[in-house]
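Understanding the architecture of this molecule
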Amino acid sequence: MSNKWSVVPLVVLTLTGLAKSFQPLIASDVNSTTHRSITKRAALLKTAEVCRDIAKAEGKNFSLTIDDSLSVDQVQEACSFSDISTSLLSSIMFHASIASLYFSNANVDLTSASSDEHHFDGETFLKGRDLITKGVSAVKASVKQDNFIAGRWTLGSVCHTLQDFYSHSNWVELGNRSPYNALIKPGQTLENLAGPNISTCRNCTGENCDDNILPDVLQQGLLTSGYFNLISSEKPDGKCSHGGSFDQTSKREPVGGINKDETGSSHGSLHYEAANLAVNATLELLENIRIAVGDKNFLRLMGLSQSSALCFVIDTTGSMSDDIAEAKRVSFNIIDSKRGTQQEPSIYILVPFNDPGFGPLHVTTDADVFKESINKLTASGGGDIPELCLSGLQLALTAAPPSSEIFVFTDAPAKDADLKNTITALIESRKSEVTFMLTDVLASRRKRALNQADAQLYRDLARASGGQAIEVSKSDLTLATSVIEDSSSSALVTVFQDVVNPGKPDNFTFALDSSLQNITVYITGASSLSFDLISPTGESQRSSESSGPLASLALAGNLRRLTLNNVNETGRWNIYVDSNDPYSVKVTGQSLFNFLYNLVEPQEGAHADFFLKEGRPISGGNMSLLVTMAGSDSVTIPEVTLFDSSGPTEVNGTLTSLGGSDFLVTFIEIPAGDFVVRLNGEEGSPLSRSSLSRFQRQASTRIKTSSISVTAQPKSTIIEPGSTISITFTVTKTTNGVINETATGTFAVRATNDRSFDSTSPSSITIEADTGGKANGTVTLTAPDSAASGSDITLTIEAEDEATTDINYTVLRFSIAAEVTDVNGPVCQEISTSTNCSALCYTSQWKFVANVTDGVNGTGIERITVREGNGTLNTTVVVGLGGENITVASYLASCCADRVELTVVDNVGNVGICLGQVRQSTTVAPVTANNLTTNSTSTGQHTISTTLWIWILVVTLSLWK
């Protein structure tokens, strides 16, 4: 539906180069369905189903009605299984994960617009199916590695190709009303494909293309899809075209097309049937992945979590024993106090570093595994002073979910300070906060002490991310780590934040709303700093008061932590800070109301959609943000601004509602600067202005503009171990937001990856006078044979204008996935079903026995679980006559539950299903079934079972009489 599914009406930028014009992009039909809505709808439906099933199994209440009207916040609340009024459970991570799915879905149209197999164009059914099955295998492998970010990104792109099948082929025209499940089952044969020499279409009659597929094709049930090309009209004789004004092949006989991308398309009358089939096919795909990875891991893949990651980067050299001990203490306290609650961290990440090494990266969802990893850390070595701090931080940034907070413990300068721009790029891309715990800064008695220049590197990175650089003695470190426990709170939001450098006395105003709880103010700065905190009623408290009328004050090194006393005092607060040294002010609290934003590039053309933009926006150009509100379905946003305190400069955005919780915010001709996004919101009914709850929020990560752009479009986001890929990138020079076609210049290039894979790239590229303001380069990346399937790699390509030191970048993510040769699912063969059922079912039992195998060349059975039924399952592995391992599954249950469904998963995630049911017959001959399901539930057998239960009911009633 290659967007090709049309977009909703909205205001976007025209991307003719980097044109500054701002004009409406109107879809040909505002009621058409998009890839974005299909993906979001399927993800919410399947997530809700999984939560419902978990609730049922655990005897918990689940009251949500599962239908197409579901919202992210509704599903989040229903899946919490708790009273939302007693605990704050944020949906921001769920929103971000759903956004990742549909952004990666849209990215297929950006990177693979001309690839037939990515869209099932030109009858590329086998290649399209291969893309899907290879992608699904990569998703399952990523989940096995707890690598949910990479799995989610791959899943979105797989969904795009799967969804396009129903819009671009004639599956709907053939009368099919259910998905073609062979597309996700590689062991099945794709049948009735129209051969290369078979004509499939005739000319459309005038504007009517409803009957242009040849009758013989429909009568024989032959599967075809339209050809598509933006440039050439060439296509095989007699074949159908995709159709539409951008498709040049549709102008050649047979003219017209068969796509159903929108209601105004060639076969637009079937648009909704195709869209609904695409939703159902996506649900089928998600169900396959769910069975393979298990319910809990599936929910993690969907990003359904109320809590953040617990992420530490720790220096392990000799002087760090106190710091390591404190990291253990605070992490264990968080784990032990939150274990089993909704606030338990969703994932645990640990990266040690020293010199000459860093890593390995430890990522787990198991708190005990994390405890074991951090317990093994010891402080040792450390000959020369600098350590590989930024290399360790790079690993953490790429492994942690977006919008995480990462804590770095060190007392030494960074030996790899040359990674500063790479780290800044990853911070901006991931929108993660980095807080540095810097111990014994400038301690004269220690050779390892940080000087001001060393410490400034950490301060700069903290500022870029919205984190803090806390400088404290080792003896006071316990007081400072309270910020780590603060950050582990659920539903944490930033109300206000600013950094003043160079320092000067200044007054800061922020608004507190009634939804906020546990409000904390952090001020970092020199020991001479003083402040006044003033409430909306005019009451004040000075920095000399450790326990005053407004807050309790705790000091630790350069950190002042104020915990407000009266959370009910809403309105505008003020902090006056008196210091001539650099300092920062940050106000946080807990609230359901929060937002996330993504920098997007709207694109017109055949594949019109929003594409996620990596890198910095262009100075003087226009910028679009896709803003998503979390916490309520009745939120409105009256104002979003870009604020640069160094100016000070404030740029107001123009808002367009996209429906639900999504808003498009456009900014015209943004000046050069270093901005934060600030939002003012309202919750409640707009019909009653007095009942509206107003709130203020601020994004932590800063947005910096650039006059150059760096773009790259890899052909695939999956790399096989032992293979090398080439990525072409383009550097473009702009002036006032427009490509400067006469510009010249040399740009230093740096390409780095977080796995230390072998890579080549030019050290610089040059824009010549006749290259239209652009220059191209190529990066090669080689995954070693030892690269683990399911892992990932992040490649950052930076370009720096040597004349102005202006920098921009792009960040690319790749999944490592070994080729899967075992594509057939496990086979289940029923051996016997024995019954001893009486009139009173609860006094009798039945037994189902089946042999489960994965074939001689299979990877072996990983697990067998009871998906439906409440009996007892026992398994035994035996060796068959041919040397093949056979798992004997024996299921025993009460006759009151007369059916069982067993799910079988092999070691690469292929799925099989065994079905058993009570029957009169006690012995059943072995049954041969397809590669994914084997059962013996024929219509006759269901009839016998029904007859048996009717007989039991009659006997029971007669006994009762």
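This text follows the structure it describes.
The rules we used
Residues numbered from 1 in each chain as written. Predicted model: local features only at pLDDT ≥ 70, side-chain atom pairs only at ≥ 80, totals over all residues. Heavy atoms only, no water. Helix = DSSP H or I, 4+ residues; strand = E, 2+ residues; numbered from the N terminus. Buried < 20%, exposed > 50% of the residue type's maximum accessible area, 1.4 Å probe, protein only. Contact = heavy atoms within 4.5 Å. Areas by Shrake-Rupley, 256 points an atom, 1.4 Å probe, with all protein chains shown as cover. Axes fitted to C-alpha atoms, helices over the stretch in contact; angles between N-to-C directions. Parallel < 35°, antiparallel > 145°, perpendicular 65-115°, else oblique. Left-handed = near helix turned anticlockwise from the far one by under 90°. Nonpolar A, V, L, I, M, F, W, Y, C, P; charged D, E, K, R; others polar. Expected span 1.5 Å × (residues − 1). Disulfide = S-S within 2.5 Å. Pairing = 2+ DSSP bridges. Core = buried A, V, L, I, M, F, W, Y, C linked by side-chain atoms within 4.5 Å. Phe/Tyr/Trp six-rings, centres within 6.5 Å; stacked < 30°, edge-to-face > 60°.

Broken down by element type, the protein chain carries 17 helices and 45 strands. The buried share of the protein chain, reckoned over its 961 residues, is 57%. Sequence-distant contacts, at least 24 apart, represent 73% of the contacts inside the protein chain between residues at least 6 apart. Of the accessible surface of the protein chain, which amounts to about 37,100 Å², a share of 49% is contributed by carbon and sulfur atoms.

The next subject is the packing of helix α1 (residues 35-57) against helix α3 (residues 92-111). Between α1 and α3, the least distance of the axes is 9 Å, while the angle of their chain directions is 135°. In terms of orientation, α1 lies oblique with respect to α3. Considering how the two elements wind past one another, α1 and α3 form a crossing that is right-handed. Judged by residue contacts, H35, R36, T39, K40, A43, L44 and T47 of α1 engage F94, I98, L101, Y102 and N105 from α3. Of the residues contributing to the contact of α1 with α3, the split by class is six nonpolar, four polar and two charged.

A cis amide bond links E253 to the next residue, P254, at an omega of -5°. The residue P254 is located in the loop between α7 (215-219) and α8 (271-293) in this model. The step from G359 to P360 runs through a cis peptide bond, and the omega angle for that step is 5°. Mapping P360 onto the fold places it in the loop between β4 (348-353) and β5 (362-364). Even without being a glycine, E123 presents a positive backbone phi close to 60°. Take E123: it is sitting in the loop between α4 (116-119) and α5 (125-144). A positive phi angle is found at N518, which is not glycine, with a value near 50°. Structurally, N518 can be placed in strand β11 (residues 517-524). Residue classification places N518 among the partly exposed positions, given a relative accessible area of 48%.

Note that an α-helix has 3.6 residues per turn; residues three or four places apart therefore point the same way. Between its first and last C-alpha atoms α8 spans 33 Å; for 23 residues at 1.5 Å apiece the expected length is 33 Å, and the two agree. Of all 23 residues that make up α8, 18 are buried, and the element is covered over most of its length.

All right, on to the state of the cysteines then. Applying the stated criterion to the full structure yields six disulfides. At a sulfur-sulfur separation of 2.0 Å, the disulfide partner of C837 is C895. The chirality of the disulfide connecting C837 with C895 is left-handed, given an S-S dihedral of about -85°. Remark: C895 occurs in the loop between β42 (885-894) and β43 (899-906) and C837 occurs in the loop between β38 (827-835) and β39 (845-853); sequence separation between them is 58 residues. Along the protein chain, the cysteines engaged in disulfide bonds are linked according to the scheme 1-2, 3-6, 4-5, 7-12, 8-10, 9-11 when indexed in sequence order.

Read across the sheet, five strands follow the order β29-β37-β36-β32-β34 without closing on themselves; strand pairing throughout is mixed. Of all strands in the sheet, those with a lone pairing partner are β29 (718-719) and β34 (764-767), marking the two edges. Sheet topology note: the β29/strand β37 (residues 807-816) ladder contains two bridges and is parallel. Bridge pairing in β37 links I718 to S815.

Another aspect to go through is the sheet that holds strand β17 (residues 583-590). The five strands lie next to each other as β9-β17-β11-β15-β14, forming an open sheet whose pairing is antiparallel. Edge positions in the open sheet fall to β9 (492-500) and β14 (551-556), since each of these has one partner strand only. Along the sheet, successive strands turn relative to each other by an average axial angle of 15°, direction set aside.

Here we come to the nonpolar core. The tendency in soluble globular proteins is for nonpolar side chains to be buried side by side. Counting 104 residues, the largest nonpolar core has L155, Y166 and L390 as the members making the most contacts within it. Broken down by element, this core gets its largest block of residues, 13 residues, from α8. Residues contacting L155, with those up to four places away along its chain left out, are L101, V139, L285, L286, I289, L301 and M302.

It is worth spelling out the pairing of strand β28 (residues 708-712) at this point. For a regular strand, side-chain orientation follows a simple rule: the groups alternate between the two sheet faces. Most of β28 is tucked away, with four of its five residues classed as buried. Relative to strand β30 (residues 724-735), β28 is paired through five bridges, and the arrangement is antiparallel. Bridge pairing in β30 links I708 to K733.

Further remarks concern the packing of aromatic side chains. A full pass over the atoms with the stated rule returns 18 aromatic pairs. Relative to F165, the ring of F120 has its centre 5.3 Å away and its plane inclined at 75°; by these criteria the two rings are edge-to-face. One end of the pair, F120, is in the loop between α4 and α5; the other, F165, is in helix α6 (residues 148-168), with 45 residues separating them in the sequence. Taken together through their ring pairs, the aromatic side chains of F120, F125, F165, Y166, W171 and Y180 make up a single cluster.

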